[in-house]
Amino acid sequence: MLILDIAIRFLKELFRLKISLVVLLAMPAFMGFMFAFAFGSAGLDEAETYTIGIINNDEGIGDGLAAYLRSDPILLNNLPFNETTLDKGFAADFIDILNTTIYQTDEEKSEKRIFSVLEYDDQEIGQQAVEERQIDALVVFPENYSNTTLSAFNNAFFFQNSIYIHNLSYLPYWSYNGPPFPINENSEILIIGDEGYSRYQIAKIILDKIFSIFNEQIKALNYAGGNLGFSLAPITLEEYSIFDIIFPGILVFAVLMQAGMMAAFLVAEFAETKTIARVRLSLIKPYEYIAGVTIYAFVISFIQLSILMVLAIVALGFNPAGNVIEAMIVLMLTIVFTTALGFLLAGVFKSSDTAGQSAGFLMTPLAFMSGAFMEAPTITILPKVFPTASGLNRDFVLWDILPSTHAVNALRSILLYEFSILDVWADVLFVIIPSLVLLFFSMIFYTKRRFRGDIPN
Amino acid sequence: MQTLSELTDIAIEVTNLTKTFGKGEQKVEAVKGISLTVKKGEIFGFLGPNGAGKTTSLRMIVGLLLPDEGKVTIFGMDPKDGKNSKTLKKLLGIIPQEISLYEELTVEENLWFMANAYRIQKESAANRINNLITKMGLDSKRKSLVKNLSGGLKRRVNVIMGLVHDPVLVLCDEPTPGLDPQSRVVVWEFIQNLPKEGKTVILTTHFMEEADRLSDRVAIIDHGEILVLNTPKKLKASIGEGDLLEFDLADDSEEHLQKMADLLKGFTTSKGLTVEDAYISEGRMVMRALNVIPNLAQILNRIEEHGAVVDNMAIRNTTLEDVFINLTGRALRN
Ligand SMILES: Nc1ncnc2c1ncn2[C@@H]1O[C@H](COP(=O)(O)OP(=O)(O)O)[C@@H](O)[C@H]1O
Ligand SMILES: [Mg+2]
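Undergrad: It is not clear to me how the coordination of the magnesium ion (ligand 2) should be interpreted in this structure. Could you clarify?
TA: Four donors placed tetrahedrally about a metal ideally form angles of 109.5 degrees, and six donors placed octahedrally ideally form angles of 90 or 180 degrees. Within the protein, the magnesium ion (ligand 2) binds to T55 of chain B (OG1) and Q97 of chain B (OE1); these donor distances fall in the range 1.9 to 2.2 Å. Of this pair, T55 of chain B sits in helix α2 (residues 54–62) while Q97 of chain B sits in the loop between β5 (92–95) and α4 (107–117), and the two are 42 residues apart along the sequence.

Undergrad: Even after reading the chapter, I still don't get the domain arrangement of chain B, so can you show me in this structure?
TA: When the parts of a complex come together, some accessible area is lost, and that lost area is often taken as the interface size. Domains assigned within chain B are domain 1 (4–236) and domain 2 (240–317). The distance between the C-alpha centroids of domain 1 of chain B and domain 2 of chain B comes to 39 Å.

Undergrad: What exactly am I supposed to notice about the site of ligand 1 here?
TA: As a structural note, the neighbourhood of ligand 1 is formed by 13 residues, with G51, G53, K54, T55 and T56 of chain B the closest of them. Taken together, the residues near ligand 1 originate from chains A and B. For ligand 1, an oxygen atom lies 2.5 Å from a polar atom in the side chain of T56 of chain B. When ligand 1 sits alone it has 550 Å² of accessible area, and the protein chains cover 71% of it.

Undergrad: I would appreciate a short explanation of the confidence of the model for chain B in the present structure.
TA: Detailed reading of predicted coordinates is not advised where the pLDDT is low. The predicted model of chain B averages 91 in pLDDT, with 97% of residues at 70 or higher. Predicted complex, confidence summary: ipTM 0.87, pTM 0.81.

Undergrad: Sorry if this is basic, but what is going on with the packing of aromatic side chains here?
TA: The geometry of two aromatic rings is summed up by the distance between their centres and the angle between their planes. Residue and element names in this part refer to chain A. With the rule as written, the count across this model stands at 25 aromatic pairs over all chains. Judged by centre distance (6.1 Å) and plane angle (65°), the ring pair of F10 and Y289 falls under edge-to-face. Residue F10 is located in helix α1 (residues 2–16), and its partner Y289 is located in helix α12 (residues 286–314); the two are separated by 279 residues in the primary sequence. Owing to a relative accessible area of 0%, Y289 belongs among the buried residues under this scheme. Directly above the aromatic system of Y197 lies the positively charged group of R133, at a separation of 3.8 Å from the ring centroid. Lying over the aromatic face of F270, R450 brings its terminal NZ or CZ to 3.7 Å of the ring centre.

Undergrad: I'm lost on the pairing of strand β1 (residues 50–56) of chain A in this one. Help?
TA: Look at any regular strand and the pattern is simple: side chains alternate between the two faces of the sheet. Residue and element names in this part refer to chain A. Summarising burial for β1: six of the seven residues are buried, a large majority. Where β1 lies against strand β3 (residues 115–120), six bridges are found, and the strand directions are parallel. Of the residues in β3, the one forming a bridge with I52 is V117. Two elements, β1 and strand β4 (residues 137–141), share five bridges in a ladder whose sense is parallel. Looking at β4, one finds that I54 is bridged to V139.

Undergrad: Help me understand the confidence of the model for chain A in this model?
TA: Mean pLDDT over chain A: 84, with 90% of residues reaching 70 or higher. Taken together, the stretch residues 224–231 of chain A has pLDDT below 50 and engages in 19 contacts with residues farther than four places along the chain or on a different chain.

Undergrad: Even after reading the chapter, I still don't get the domain arrangement of chain A, so can you show me in this structure?
TA: Residues and elements named next belong to chain A. When its domains are assigned, chain A resolves into domain 1 (2–41 + 241–451) and domain 2 (50–231). Domain 1 and domain 2 are separated by 43 Å when their C-alpha centres are compared. If you look at the interface, domain 1 gives 16 residues, while domain 2 gives 18 residues. Across the interface of domain 1 and domain 2, roughly 1,500 Å² is buried in total on both sides, 55% from carbon and sulfur atoms. Looking at the side of domain 1 facing domain 2, the largest losses of area belong to E375, L392 and Y417, adding up to 41% of the total buried there. For the pair domain 1 and domain 2, the number of links is three salt bridges. Those elements that place two or more of their residues in the side of domain 1 that touches domain 2 are β8 (393–397) and α15 (403–415). Examining the composition of the side of domain 1 that touches domain 2, we find that three residues originate from one element, α15, more than from any other.

Undergrad: Looking at this model, I keep getting lost on the pairing of strand β8 (residues 217–222) of chain B. Mind explaining?
TA: Residues and elements named next belong to chain B. Counting buried positions over the six residues of β8 gives six, a clear majority of the element. Burial along β8 is two-sided: R217, A219 and I221 facing one way and V218, I220 and D222 facing the other are all buried. Pairing of strand β3 (residues 43–47) with β8 involves four bridges; the strand directions are parallel. Looking at the pairing, F44 lines up with R217 of β8.

Undergrad: Looking at this structure, how should I read the nonpolar core?
TA: When a protein is soluble and globular, its nonpolar side chains tend to lie buried together. Residues and elements named next belong to chain A. Among the nonpolar cores identified, the biggest contains 206 residues, and F81, F115, F141 and Y289 are the most heavily contacted of them. With 20 residues, helix α10 (residues 243–272) is the single largest residue contributor to this core. Residues contacting F141, with those up to four places away along its chain left out, are I54, I55, N56, N57, D58, A91, F94, I95, I189 and F211.

Undergrad: For this particular structure, what's the right way to read the pattern of salt bridges?
TA: For side chains bearing opposite charge, pairing can occur when the charged atoms are close. All names here are of chain B. In the structure shown here, the tally under the stated rule is 36 salt bridges over all chains. Among the ionic pairs, D222 bridges to R330, the shortest N-O distance being 2.2 Å. With D222 in strand β8 and R330 in the segment after α12 (320–328), this residue pair connects regions lying 108 residues apart in the sequence. Among the residues examined, R330 registers a relative accessible area of 29% and is labelled partly exposed. One network of salt bridges, in which partners are shared, links R128, K135, D166, E197 and K199.

Undergrad: Explain the interface of chain B and chain A to me, please; I cannot follow it from the model alone.
TA: Of the residues lining the interface, 32 residues belong to chain B; the matching set on chain A comes to 27 residues. When the buried surface of chain B facing chain A is broken down by residue, L64, Y102 and E104 of chain B rank first, second and third, together holding 23% of it. Viewed at the interface, chain A and chain B are joined by five salt bridges. As a salt-bridge pair, K19 of chain B and D454 of chain A come within 2.7 Å of each other at their nearest N and O atoms. For the interface between chain B and chain A, the tally reads 15 residue pairs in polar contact (both at pLDDT 80 or more). Looking at the side of chain B that touches chain A, the elements with two or more residues in it are α2, α3 (85–91), α4 and α6 (151–161) of chain B. Tallying contributions element by element places α4 of chain B first for the side of chain B that touches chain A, with five residues. Classifying every residue of the side of chain B that touches chain A gives 16 nonpolar, six polar and 10 charged.

Thresholds, definitions, all that
Residues numbered from 1 in each chain as written. Chains lettered and ligands numbered in written order. Predicted model: local features only at pLDDT ≥ 70, side-chain atom pairs only at ≥ 80, totals over all residues. Heavy atoms only, no water. Donors = N, O, S within 2.8 Å, 3.2 Å for Na, K, Ca; no water. Helix = DSSP H or I, 4+ residues; strand = E, 2+ residues; numbered from the N terminus. Domains from an automatic or database assignment. Near = heavy atom within 4 Å. Polar contact = N/O pair within 3.5 Å; in protein donor to acceptor, adjacent residues only side chain to side chain. Areas by Shrake-Rupley, 256 points an atom, 1.4 Å probe, with all protein chains shown as cover. pLDDT = per-residue confidence, 0-100. Phe/Tyr/Trp six-rings, centres within 6.5 Å; stacked < 30°, edge-to-face > 60°. Buried < 20%, exposed > 50% of the residue type's maximum accessible area, 1.4 Å probe, protein only. Lys NZ or Arg CZ within 6 Å of the ring centre and 35° of its normal. Pairing = 2+ DSSP bridges. Contact = heavy atoms within 4.5 Å. Buried area = accessible area lost by both parts, 1.4 Å probe. Salt bridge = Lys/Arg side-chain N within 4 Å of Asp/Glu carboxyl O. Core = buried A, V, L, I, M, F, W, Y, C linked by side-chain atoms within 4.5 Å. Nonpolar A, V, L, I, M, F, W, Y, C, P; charged D, E, K, R; others polar.

Okay, here's the thing in structure tokens:
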């Protein structure tokens, strides 16, 4: 097939050029290490207080069970919670934890709280507050949160002792005879926010960390009594690297940079080897040539992104929460955008060096505009219209016209917040549709410039 | 069905082809309305100095440049008509002036890419490629990367790149500049044999020996215009009869050579011989006159009186270079 012959020709040329090969392999490694060094060790250096909204739907510990525990002080004293929890439920305990957790700093004991908590009765109002950025995130405790927590105790107890709490009996002086403890109860705490908003991203990381500490403590259950949450130590900032937040942006940056390499190769055919004349005079049609080059760009990008992904996971401590394959699919769609840019550059520049260098100059600001490294300034075009992964509507901002912005958002949602590619459908559409439109026009432009009319000497 | 051109034996017809580059100060009238016909099976030479408009003309003929004015007809077909495009692409083959090859591919891979680009069936492509490689003496290099070849070998590959699809019409733009003598002979023989395979060739060159040896007819082109068009033999005869006498002078500065040429031009000896012409060519002074030998002493005397020291002297045949100088007053090389 002619299209494949063209793709293979480009790939052969690239793989035989030792310098390109070094660039191809070393660039992701270099970018990964550079960003890991720049952002990884820095951590969160500003002790910000994040405002979070809470919807507490927790129905608490069932009345029967609560009454029984109150009547059985021996058991209650051996469980890691007290009568307040029986009254208000575990979510309330947890909210206290959030309210009181402070930052740990090296020099002196900081009094700075990590969260400022606002409770809402109505989830709609809470979501509106997120959309308006009055709060950084909205945490929704489900109705069965307390039961889930009790079930976690019970399951942990069973795991250690091969018997559920409510089956304990025949002790010399005590046996359980209340209503059954919950088992295998599941629920999920929802953290709602705009995945593209940096304050949400950081608040989310810290919340996740606190939840995981909490869950660990349940598993390592002891019978000391008191309130479980109070054993949570102040949070040290250094524990939170923002490399994770940055990494989806690095992936998109790597995809964007591919445009330079592609343009350089295309321009070389035109300006350096001058073989474009042979291509034009042959039976190769412009669309076949373009399709071949596009396949080439996909193959190269796939290799590069795989290297970057594996390297980040294996060597740089990136811990993808979500599906890496779905993330790769989003990246492959983003390459359509890069390819379109590559053809535009190749239609403009007259030497492969300037094409490559200019691409470098153009792609870096483009990555910044896309929010790849830090949040770009908000310039709202349409307020509260764009659906995010967690179902909120955020503002459609200027940078949303760039497919790469949506690629960064979709990747963050998938890789960091465990959403599926279907949850970020809106971002995916905004990656692919404008890219295809741009690709269409850039192909026409490229064809006009390089396949029609004069070929200068 | 036979087309008109098959009946008329005309491969290419060009009328009033014109091309101007740039605007204002930078305006270059590269080709100024040239007209010519190329017959089937001939080697048609375009001879002219650098910048004469040879490449521009060739590129307009194959369609890589759009003419400002004028018309090209190839085997009776109009290249501007989209429905002829595929047929014409298969008929045309180019040998570009600049080496245009994929440096990171081997010789064979380069040729195979072209075979695929013309959708040639595998078996016949393999035959054709082997054949071309052998003819160019590249058998031992077929698996070498082009970037590792010497300039001469690259040129040889450059020549056959455009011939993989066995075109009937070969447009060959300065195939031998900077070539070692051995490669030059290989390329010349190759081109010379193309008409035997039924091909028609247009050859551009600024190298008069090349035009003379290879072409059936030659158009001498300068400043975008065709000055004369004829067989090399007739062109050489056109500048007049007589012998050419070539002097190597000890002082070969242009000034000195010109001074001596001026002394001789129109000089009449006591035996009634008049020097028809005298000029500089390739660093020598050249004069033309009938029956030179009996008058040689007087001629020598004439220039030696004015300080010329003659290192060497020879009688030679007229070349196309002499024709060009006769037409333009300039040498081809400049
Ligand atoms: N793409 C171009 N842009 C501007 N000037 C050009 C271009 N191509 C050729 N020329 C000019 O046109 C003239 C003819 O060039 P060319 O056809 O290459 O001559 P030749 O092949 O006989 O050496 C030259 O003066 C050259 O500088
Ligand atoms: Mg030329």
